[in-house]
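Spelled out, the chains give:
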Amino acid sequence: MPRSKEVFWWSLFSAGGVVSAFFFPATIIITGLAVTLGWVTAEDLHALVQNPLVRLYLFVLISLPLFHAAHRLSHLTIDLGLAHARRPSAIVCYGAAIVGTLLAAVGVITGL
Amino acid sequence: MADENAILEVFRYQPDQKSEPTFQRYEVPFHEEWVVLDALNYIKDHLDGTLSYRWSCRMGICGSCGMMVNGDPKLTCSVFLRDYHPQVMRVEPLRGFPVIRDLVIDLDDFMNKMTEVKAWMIPKEERSIEQGEYLQSPAQLARYRQYSTCINCTLCYAACPVYGRHTEFVGPAAIALAQRYNMDSRDGGYEERAETLFDEHGVWMCTFVGDCSRVCPKNVDPAAAIQQAKVSATKDFYRSLVPWGKRRTET
């Protein structure tokens with residue numbers, strides 16, 4: 001059995017890295033380039049996000065990379081040798097990711 | 001005969017004579033085919049017999065001649081003077097370890113870590129001699145073979161910025177070797193190693209800088225071993241949360 005609580009945060013970091021690497025480029029092409037180049041219209045995209053599965057996708061796309069970033073940034077304290085700053089930085093970083101996740105959840109549920 | 005000299009600045013620390021370390025400059029004949037260890041041996045034999053350093057095989061197998069050469073961890077038997085000459089070569093003990101004397105480092109911490117992670121075979125089932133060998137297929141061997149080529153030279157520890165700041169970190173080679181046995185189909189010691197491997201000073205301290213894999217003279221890729229160990233621990237964690245999750249027996 002794993003002995004450290006770190007395993008939980010690392011799993012979110014790992015999943016966030018996969019999401020960032022695989023899904024961000026596709027999403028950027030669709031929302032950034034495809035509309036600009038006229039391949040799809042903004043109305044098409046708006047219709048698309050009405051689909052619950054697309055909203056779930058957006059939630060995952062926002063939440064997991066936030067935990068990825070939080071983990072990476074909080075581990076900077078190890079790389080910089082600031083051992084005493086580890087706990088405060090973890091609270092700030094993971095806290096921000098949790099807040100971002102809650103906001104994303106509210107956003108995709110209420111359609112904001 | 002060499003018609004030019006190579007210059008080495010060698011770290012000297014002789015606690016019986018001087019409390020502070022110094023650098024001493026030596027000029028040795030420059031030969032195309034000489035490695036840095038040849039130059040150190042020349043110094044020891046012809047210029048200064050008081051210089052202390054470890055070496056044995058001269059062929060990248062024993063792992064004892066690791067030193068910092070111009071700031072980078074190297075096996076001194078595997079880097080040539082011509083790789084640096086005419087640049088001055090600064091030879092120092094491996095970074096991150098206590099120095100006993102000159103270029104000789106104290107390996108106790110590393111040896112203790114190898115013991116803590118139980119970097120040896122813990123057979124899944126005991127077999128008597130009459131029962132014969134522990135058989136393994138080529139595919140099963142291939143899973144861990146890369147990690148088994150570690151020669152314990154500790155260059156990866158000298159390269160690791162995490163170990164450099166936090167010596168409680170189990171570190172690259174010990175984790176790679178623990179992973180080597182965890183991935184061995186004949187081994188059943190995963191749970192015993194998990195205690196050390198996955199605690200707060202284990203794999204989670206690694207921030208995946210990856211310099212351990214860059215400096216490894218045997219292409220062990222300890223950074224990959226550490227990330228694989230993290231994935232194993234993560235799978236176990238989520239398996240343990242569900243009632244139908246089976247406890248793992250092999251990686």
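Structure's up top.
To start, this report covers the structure provided alongside it. All residue numbers refer to position in the chain's written sequence, counted from 1. Chain labels run from A onward and ligand labels from 1 onward, assigned in the order the entries are written. Reporting of local features is limited, given that this is a predicted model, to residues whose pLDDT is at least 70; pairs of side-chain atoms are given and counted only at 80 or more, and all residues count toward the totals for whole chains, interfaces and linings. Hydrogens are left out, water is left out, and the side-chain values use all remaining heavy atoms of the structure.

### Some words on the overall build of chain B
So, point 1. Helix numbering and strand numbering both begin at the N terminus, where a helix is a DSSP run of H or I of at least 4 residues and a strand a DSSP run of E of at least 2. Along its length, chain B carries 9 helices and 7 strands.
So, point 2. When its C-alpha atoms are laid out on the principal axes, chain B stretches across 75 × 40 × 30 Å.
So, point 3. When burial is assessed residue by residue, chain B has 47% of its 251 residues classed as buried.
So, point 4. The criterion used for residue contact is that any of the two residues' heavy atoms lie within 4.5 Å. Counting only contacts in chain B whose residues sit at least 6 apart along the sequence, the fraction spanning at least 24 positions is 64%.
So, point 5. Counting every atom, chain B has about 12,400 Å² of accessible surface; 50% of that belongs to carbon and sulfur.
So, point 6. Two residue types count as positive, namely Lys and Arg, and two as negative, namely Asp and Glu; His and chain ends fall outside the count. We put the charge of a Lys on NZ, of an Arg on CZ, of an Asp on CG and of a Glu on CD. Between the centroid of the 29 positive side chains of chain B and the centroid of its 35 negative side chains there is a distance of 5 Å. The rule is simple: take the accessible area with a 1.4 Å probe, protein chains only, and divide by the maximum for that residue type; under 20% is buried, over 50% is exposed, in between is partly exposed. Calculation of accessible area relied on Shrake-Rupley with a 1.4 Å probe; when residues are assessed, cover is drawn exclusively from the protein chains displayed.

### Digging into the pattern of salt bridges
Residue and element names in this part refer to chain B.
So, point 1. Just to be clear on terms, a salt bridge is a Lys or Arg side-chain nitrogen sitting within 4 Å of an Asp or Glu carboxyl oxygen. The full count for this structure, using the stated rule, is 17 salt bridges over all chains.
So, point 2. Here Asp184 makes a salt bridge to Arg186, at a shortest N to O gap of 2.8 Å.
So, point 3. Overall, Asp184 belongs to the buried group, its relative accessible area being 1%.
So, point 4. One salt bridge connects Asp211 with Arg214, and the closest N-O pair in it is separated by 2.6 Å. Remark: Arg214 and Asp211 occur in helix H8 (residues 211–215); sequence separation between them is 3 residues, near one turn of the helix.
So, point 5. With relative accessibility at 22%, the residue Asp211 sits in the partly exposed group.

### Notes on helix H9 (residues 222–241) of chain B
So, point 1. With 20 residues, H9(B) should cover 28 Å at 1.5 Å per step; its first-to-last C-alpha distance of 29 Å lies within 8% of that length.
So, point 2. Along H9(B), the residues classified as buried are B:Pro222, B:Ala223, B:Ala225, B:Ile226, B:Gln227, B:Ala229, B:Lys230, B:Ser232, B:Ala233, B:Thr234, B:Asp236 and B:Phe237.
So, point 3. The inward-facing, buried residues of H9(B) contact helix H1 (6–36) of chain A together with helix H4 (155–159), helix H6 (172–182), helix H7 (190–197) and H8 of chain B. For a helix, the expected span equals 1.5 Å multiplied by the residue count minus one.

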